[in-house]
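Here's the letter readout for the chains.
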Amino acid sequence: MFLERGYEETTVDDIVALAGVGRRSFFRYFPSKEDVVFPDHERCLADMTAFLEASTDEDEPVRRVCDAARLVLRMYAEKPEFSVQRYRLTKRVPVLRAYELSVVWRYQRALAGYLRKRFAGQRDATLRADVIAAAVVAAHNNALRAWLRSDGKGDAEAAVDHALRHVQAAFGAVPVPPAGELPEDVVVVVARRETPLWRVVQELETTLGHG
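Residues numbered from 1 in each chain as written. Predicted model: local features only at pLDDT ≥ 70, side-chain atom pairs only at ≥ 80, totals over all residues. Heavy atoms only, no water.

Peer 1: Any chance you could explain the pattern of salt bridges here in plain terms?
Peer 2: If charged atoms from side chains of opposite charge come close, those side chains can pair. Counting across every chain of the model gives ten salt bridges. Residue E42 is joined to R106 by a salt bridge in which the shortest nitrogen-to-oxygen separation is 2.6 Å. On the criterion of sequence distance, the pair formed by E42 in helix α5 (residues 41-53) and R106 in helix α8 (residues 94-118) is long-range, its members being 64 residues apart. Classification of E42 by relative accessible area gives partly exposed; the value is 43%. R64 is paired through a salt bridge with D59; the nearest N and O atoms lie 4.0 Å apart. By relative accessible area, R64 is classed as buried at 13%. (Salt bridge = Lys/Arg side-chain N within 4 Å of Asp/Glu carboxyl O. Helix = DSSP H or I, 4+ residues; strand = E, 2+ residues; numbered from the N terminus. Buried < 20%, exposed > 50% of the residue type's maximum accessible area, 1.4 Å probe, protein only.)

Dropping the structure here:
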């Protein structure tokens, strides 16, 4: 009905009449009309929160939040036709776009909250957590929306994996193999935390003979 009549033109009374239920039953399941369009986000947010809370100290934090974001992708991929229709509808209806932004912010807040706990006591912990959480959401949404614009064609999971690898490469902890196990084409540069990036690059270029 939303697609055929328009979102604003379709009332709650229209919905309950078609569903054969009363208004009281409707509002028991959906706090608002917007929630009809986004019926699965509360469950997904709860699943993400539980996933993050089940983390251990052995879990690499950036990889963990990337894996948490993949739960959202799987939710969309479970029902590709519905997801594409929702995307088209949301693009046309400002109130739904605003609702979607609020949902995205809740996901991002959950990721940042987990990272703040993992980074507690470290330098710029809150800043790092917020920046990484925003990067995860941006990478995930970039790949997800490209998939939705293609009408759900292609491998959404591969596209999201590709996008999230950028986040892990930029912010994740990459373990250095023990001495003697490094491939010949790997160069390790050791620098103090406060060393300017340009100095690190200069040192790398000198080592490689490019300076």
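Peer 1: Looking at this model, I keep getting lost on the nonpolar core. Mind explaining?
Peer 2: One broad trend across soluble globular proteins is that nonpolar side chains are buried collectively. Grouped together as the largest cluster of nonpolar side chains are 52 residues, with contacts concentrated most on M48, V65, Y107, L111, L115 and V136. Every element with two or more residues in this core is listed here: α2 (12-19), α5, α6 (61-78), α7 (80-92), α8, α9 (125-149) and α10 (156-171). For this core, the element with the highest residue contribution is α9, accounting for eleven residues. Sequence-distant contacts of L111, that is, excluding residues within four places in its chain, are made with M48, L52, V65, A68, A133, V136 and V137. (Core = buried A, V, L, I, M, F, W, Y, C linked by side-chain atoms within 4.5 Å. Contact = heavy atoms within 4.5 Å.)

Peer 1: Mind showing me how you'd approach α6 here?
Peer 2: Spacing of three or four residues puts side chains on the same side of an α-helix, whose turn is 3.6 residues. An ideal rise of 1.5 Å per residue puts 26 Å on 18 residues; α6 measures up with 26 Å between its terminal C-alpha atoms. Buried within α6 we find P61, V62, R64, V65, C66, A68, A69, R70, V72, L73, M75 and Y76. The opening residue of α6, the one whose side-chain oxygen lies 3.3 Å from the backbone nitrogen of V62, is E60. (Expected span 1.5 Å × (residues − 1). Polar contact = N/O pair within 3.5 Å; in protein donor to acceptor, adjacent residues only side chain to side chain.)

Peer 1: Sorry if this is basic, but what is going on with the packing of aromatic side chains here?
Peer 2: Two aromatic rings are characterised by how far apart their centres lie and by the angle between their planes. Enumeration over the complete set of coordinates arrives at four aromatic pairs. Pairing F26 with F27 gives two aromatic rings, centres 5.0 Å apart and planes at 90°, and the pair type is edge-to-face. Ring geometry for F38 against Y99: centres 5.1 Å apart, planes inclined by 20°, an arrangement best described as stacked. Of the two residues, F38 sits in the loop between α4 (34-37) and α5 while Y99 sits in helix α8, which places them 61 residues apart along the sequence. (Phe/Tyr/Trp six-rings, centres within 6.5 Å; stacked < 30°, edge-to-face > 60°.)

Peer 1: How should the environment of H41 be read in this particular structure?
Peer 2: Relative to the assigned elements, H41 resides in helix α5. Along the primary structure H41 and Y107 are separated by 66 residues, whereas in three dimensions their C-alpha atoms are 9.4 Å apart. Setting aside its immediate chain neighbours within four residues, H41 contacts M75, Y76, R86, V103 and Y107. A polar side-chain atom of H41 sits 3.5 Å from a polar atom in the side chain of Y76. Reaching out from H41, the side chain makes a polar contact with the side chain of Y107 at a distance of 2.7 Å.

Peer 1: Hey, could you run me through α10 in this one?
Peer 2: For α10, which comprises 16 residues, the first-to-last C-alpha distance of 23 Å matches the rise-based estimate of 22 Å (1.5 Å per residue) to within 8%. Those residues of α10 that are buried lie in contact with α6 and α9. Of the residues that open α10, the one with a side-chain oxygen 3.1 Å from the backbone nitrogen of E157 is D155.

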